[in-house]
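Each chain, written out:
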Amino acid sequence: MAPSEAVAPAIEVRSPADGRLIATVPSLDATAVAALAARGREAQPAWAGLGFEGRAKVLSAMQRWLLENAERVIETIASETGKTYEDAQLLELGYTVSALSFWSRRAAGYLADRRSVVRAPLLAGRRVITRHSPRGLVGVIGPWNYPLLNSFGDAIPALMAGNSVLLKPSELTPLTSLLVAEALRECGLPEGVFAVATGAGETGAALIAVVDFVMFTGSTATGRRVAAAAAASLTPFALELGGKDALIVLEGAPLERAANVAAYYGMINAGQSCVSIERVYAQASIYDELLEKIVAKVTALRVGAPAGPASVEVGAITSAAQLELIEAHIADALAKGARVAVGGHRRPGEGRFFEPTVLVDVDHGMRCMMEETFGPTLPVMAVADADEAVALVNDSPLGLGAAVFAADSERGEAIARRLDVGAVCVNDAAVNYFVLQAPMGGHKQSGIGVRHGAEGIRKYCSSQTIVISPRLMLRREPQFYPYTRGSAKLVRRLLNTLYRR
Ligand code: NAD
């Protein structure tokens, strides 16, 4: 069944910036998803057969296509998310072209056969080959906050590894993925190798049942459901989930840069980034100065419907449910004694917008410090010293990333090593996401598994070990049947000689 014939109800895609209906897409049921999966499986062996070079050719063509059609790509992303031109351009398009370039060049090296010779005394001389072969059909389930980066972005290494990919984008933002499918076809990707299954949670659940690996990016709550469903079929998976990334700023740190980093990475994509700064811990001695700088910078931000480059810094809140959650976190904080230094309200009128907000007098009894807010809000809390900051960062069920500013980089690194999170940026924030050779994944409830680096592509493969013993060997080795007292003694003597120290 072609996706267009699929079952009602269709999904309406509306602009978060003005509520306008942009498109309707089908909601695929389990039968339609299974049909796409079957086509993907059929197409996969020939795709794998093209080899790394053949596949890189198609993905390099896609890289060029994205840049040649940049305006169309940015416009599509912005229309369904309400994000700014700049956030769509740098974070979505920028990441994706760099990922296409990275994986096209690096996949072959990461997935090359590894050969070695065994040195363990009892097996000495055996040759070992470890190889990675594509799993077959990879299912990618994506969120709405980065419809290109967090959906197609995770499909790129899967494709370079020789898999077919079935992508289930968020029901709020399916149009970018449909554009990607069209572009890949134009770039020569064989029919069936990449397909988009539009729909909501049920479509995602149907996908888990028919793929060989699930790459999920989304909330921790949905991640649990995905893990439970994958457990039923023992389908391997990776989960990239929510974050509550903290920024620590200590005495001696460059405060002007730290404040710029807090404002930018706190408000980037209207705060709707898994790795955005969601809480700031500032040493008491520099708290006032840092806060003043942050408040000034956040106050200067323009919020509203993006209209091309340089129109606003903070765009729309893509999901209606998210906007309610942001308001709930602010209300909870205010009820418990926090104060708003700037912002604090939903913008009246058309579209979903929330004022860039700085909260003070916050503590860990408040939701805004303990749960992912995913909005343009920045609670700033004073701490006595680095030890208290470290303890508070680690006092969280989430552990995606963190950022540290200290008097010098060595001190920053020492603090980074004490944080229970998947990545720490020193003198910076969030940039690890663009460091494609380094694994990126969350600790605790922020995820299982990683993207990027060797593990980020090997997860899309089944590994196989081949051990080759010499052709000419004893016809009967001492440990073979029948068991005799002599052979048992011999084995004991060998073990003692080799290992008794
Ligand atoms: P979500 O969990 O609501 O939805 C994510 C995807 O899962 C959507 O496509 C949705 O349709 C699908 N889904 C829902 N129920 C499902 C089910 N039972 N089975 C299979 N699929 C199902 O997340 P969201 O609100 O779209 O995205 C925001 C969240 O994503 C935030 O928590 C954010 O931190 C997280 N995120 C994490 C990363 C990361 O790399 N760690 C990156 C981006 C976003």
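Above this text sits the structure in question.
Calculation rules
- By convention here, each chain's residues receive numbers from 1 onward along its written sequence.
- Where totals are concerned, whole chains, interfaces and linings use all residues; where local detail is concerned, this predicted model gives features only for residues with pLDDT of at least 70, and gives and counts side-chain atom pairs only at 80 or more.
- Side-chain descriptors were evaluated using all non-hydrogen atoms of the structure, hydrogens and water having been removed beforehand.
- Runs of E in the DSSP output that reach at least two residues are strands. Runs of H or I that reach at least four are helices, and both are numbered from the N terminus.
- Between N or O atoms, a polar contact is any pair within 3.5 Å; within protein, one atom must be a potential hydrogen donor and the other a potential acceptor, and residues adjacent in sequence are included only when both atoms are from side chains.
- Note on contacts: a residue pair qualifies if any of its non-hydrogen atoms lie within 4.5 Å across the two residues.
- Only heavy atoms are used to decide nearness, and a residue is near a molecule or strand if one of them lies within 4 Å of it.
- The protein chains shown are the only cover counted for residues, whose accessible areas, like all others here, come from Shrake-Rupley with a 1.4 Å probe.
- Site definitions follow a grid-based scheme: protein atoms alone, a 1 Å grid, a 1.4 Å probe that fits but cannot get out for cavities, and for pockets an open set with protein on both sides within 12 Å along at least five of seven lines, plus lining residues having an atom within 4 Å of a point.
- Any molecule with more than half of its atoms within 2 Å of a cavity's or pocket's grid points is counted as sitting in it.
- Under the scheme applied, nonpolar residues are Ala, Val, Leu, Ile, Met, Phe, Trp, Tyr, Cys and Pro; charged residues are Asp, Glu, Lys and Arg; polar residues are all the others, including Gly.
- By this definition, two strands are paired if DSSP reports at least two bridges between them.
- Think of each axis as a best-fit line through the C-alpha atoms, taken over the contacting stretch in the case of a helix, with angles from 0 to 180 degrees between the N-to-C directions.
- In this analysis, rings of Phe, Tyr and Trp, with Trp reduced to its six-membered ring, are considered paired at centre separations within 6.5 Å, and the interplanar angle assigns stacked below 30 degrees, edge-to-face beyond 60, and tilted for intermediate values.
- Think of it in three bands: residues with accessible area under 20% of the maximum for their type are buried, residues over 50% are exposed, and the middle band is partly exposed, with areas taken using a 1.4 Å probe on protein chains only.
- Note on criteria: charge over ring means Lys NZ or Arg CZ within 6 Å of the ring centre, with the direction from the centre no more than 35 degrees off the ring normal.
- Nonpolar cores are built from buried Ala, Val, Leu, Ile, Met, Phe, Trp, Tyr and Cys residues. Side-chain atoms within 4.5 Å join them into one set.
- Grid points are joined across faces, edges and corners, and a volume is the space filled by probe spheres set on the points.
- Salt-bridge detection follows one rule: a side-chain nitrogen of Lys or Arg within 4 Å of a carboxyl oxygen of Asp or Glu.
- With respect to orientation, any angle under 35 degrees is reported as roughly parallel, any angle over 145 as roughly antiparallel, any angle of 65 to 115 as roughly perpendicular, and every other angle as oblique.
- Working rule for handedness: look at the near helix, and if it is turned counterclockwise from the far one by less than a right angle, call the crossing left-handed; if clockwise, right-handed.
- By convention, a crossover is right-handed whenever its connection, traced from the first strand over the helix to the second and viewed with the strands pointing away, goes clockwise.
- What a helix is expected to span follows from its residue count: subtract one and scale by 1.5 Å.

S.K.: Break down the side chain of Lys 244 for me, citing the residues and quoting the values.
M.R.: Position of Lys 244 relative to the elements: it lies in the loop between strand 9 (237–240) and strand 10 (246–249). Reaching out from Lys 244, the side chain makes a polar contact with the backbone oxygen of Glu 371 at a distance of 2.7 Å. Not counting chain neighbours up to four residues away, the residues in contact with Lys 244 comprise Glu 278, Arg 279, Arg 367, Cys 368, Met 369, Met 370, Glu 371, Glu 372, Thr 373, Ser 396 and Leu 398.

S.K.: Describe the site of the ligand, listing the residues and the values that go with them.
M.R.: Taken together, the neighbourhood of the ligand is formed by 31 residues, with Gly 142, Lys 168, Ser 219, Thr 222 and Glu 372 sitting nearest. One nitrogen or oxygen atom from the side chain of Ser 219 is found 2.6 Å from an oxygen atom belonging to the ligand. Between a nitrogen atom of the ligand and a main-chain N or O atom of Leu 241, the distance comes to 2.7 Å. Coverage of the ligand by the protein chains reaches 89% of its 860 Å² of free accessible surface. The cavity that encloses the ligand is the largest pocket. Mapped by element, the contributors of at least two residues to the shell around the ligand are helix 7 (201–208), strand 8 (213–217) and helix 8 (220–233). A total of four residues in the shell around the ligand trace back to one element, the largest contributor, which is helix 7. The residue inventory of the shell around the ligand, partitioned by class, reads 14 nonpolar, twelve polar and five charged.

S.K.: Summarise the sheet that holds strand 5 (residues 137–141); cite the residues concerned and give the values.
M.R.: Remark on secondary structure: sheet strands pair via backbone hydrogen bonds, oriented parallel or antiparallel. If you walk across this open sheet you meet the six strands as 7-6-5-8-9-19, and the pairing is mixed. Among the strands making up the open sheet, the edge pair consists of strand 7 (194–196) and strand 19 (447–448). Pairing analysis gives four bridges linking strand 8 to strand 9, with the strands arranged parallel. The residue bridging Val 214 from the neighbouring strand is Phe 237, located in strand 9. Where helix 1 (residues 30–49) meets the sheet, it contacts strand 5, strand 6 (164–168) and strand 7, and its direction lies at approximately 155° from that of strand 6. Across the sheet, helix 5 (residues 148–160) lies against strand 5, strand 6, strand 7 and strand 8, angled at about 170° from strand 6, the strand it touches most.

S.K.: Requested: an account of the packing of aromatic side chains, with residues and values cited.
M.R.: The tally for this structure, following the rule as stated, stands at ten aromatic pairs. Ring geometry for Phe 102 against Trp 103: centres 4.9 Å apart, planes inclined by 85°, an arrangement best described as edge-to-face. With a relative accessible area of 0%, Trp 103 lands in the buried category. The ring of Phe 52 has Arg 55 lying over it, and the distance from NZ or CZ to the ring centre is 4.8 Å.

S.K.: Could you give me a rundown of the nonpolar core, with the residues and numbers involved?
M.R.: Ranked by internal contacts, the top residues of the largest apolar core, which has 129 residues, are Met 62, Phe 152, Phe 194, Val 249, Tyr 281, Leu 290 and Ile 294. No other element matches helix 4 (residues 85–110), which puts twelve residues into this core. Residues Ile 141, Ala 206, Val 214 and Leu 239 belong to the second largest nonpolar core, which totals 21 residues.

S.K.: Account for empty space enclosed by the protein, with residues named and values stated.
M.R.: Under the criterion given, the structure shown has three cavities of 30 Å³ or more. Of the volumes computed, that of the largest cavity is approximately 60 Å³. Elements supplying a minimum of two residues to the lining of the largest cavity: strand 16 (401–405) and strand 17 (423–426). Element by element, the count of residues in the lining of the largest cavity is highest for strand 16, at three residues. Computed from the structure, the second largest cavity encloses a volume of approximately 40 Å³. Every residue lining the second largest cavity is listed: Tyr 95, Trp 103, Gly 153, Asp 154, Pro 157, Arg 451, His 452, Gly 456, Lys 459 and Tyr 460. For the lining of the second largest cavity, the secondary structure elements donating two or more residues are helix 4 and helix 5. In terms of residue count, helix 5 provides more of the lining of the second largest cavity than any other element does, three residues in total.

S.K.: So what about the pattern of salt bridges? Which residues, and what values?
M.R.: The final tally for this structure, using the stated rule, is 19 salt bridges. With a closest N to O distance of 2.8 Å, Arg 339 and Asp 361 form a salt bridge. Placement of Arg 339 in strand 12 (residues 339–342) and of Asp 361 in the loop between strand 13 (357–360) and helix 12 (367–370) is noted, with a sequence separation of 22 residues between them. Classification of Arg 339 as partly exposed rests on a relative accessible area of 48%. A relative accessible area of 40% means that Asp 361 is categorised as partly exposed. For the salt bridge of Arg 367 with Glu 371, the shortest nitrogen-to-oxygen distance reads 3.0 Å. One continuous salt-bridge network, built from bridges that share partners, spans Asp 154, Glu 240 and Arg 451.

S.K.: Which residues make up the packing of helix 2 (residues 51–68) against helix 6 (residues 175–186), and what are the values?
M.R.: Across the interface, helix 2 lies against helix 6 with an axial gap of 9 Å and an inter-helix angle of 120°. Here helix 6 runs oblique to helix 2, going by the angle between their axes. Two packed elements cross with a definite hand, and for helix 2 against helix 6 that hand is right-handed. On helix 6, the residues touching Leu 59, Met 62 and Trp 65 of helix 2 are Leu 179, Val 180, Ala 183, Leu 184 and Glu 186. For the contact of helix 2 with helix 6, the class distribution of residues is seven nonpolar, no polar and one charged.

S.K.: An account of the pairing of strand 9 is requested, with residue identities and associated values reported.
M.R.: Viewed along the sheet, the connection from strand 8 through helix 8 into strand 9 turns out right-handed. Strand direction decides the pairing type here: strand 9 and strand 19, joined by two bridges, are antiparallel. Within strand 19, the residue paired with Glu 240 across the bridge is Gly 447.

S.K.: How would you sum up helix 9 (residues 255–267)? Please name residues and give values.
M.R.: With 13 residues, helix 9 extends 18 Å from end C-alpha to end C-alpha; this agrees with the ideal 18 Å at 1.5 Å per step. By the burial criterion, the buried members of helix 9 are Leu 255, Ala 258, Ala 259, Val 261, Ala 262, Ala 263, Tyr 265, Gly 266 and Met 267. Among the structural elements, strand 10, helix 10 (284–299), strand 13, strand 14 (377–383) and strand 16 are those in contact with the buried residues of helix 9. Immediately downstream of helix 9, the backbone of Asn 269 shows phi near 55°, a positive value.

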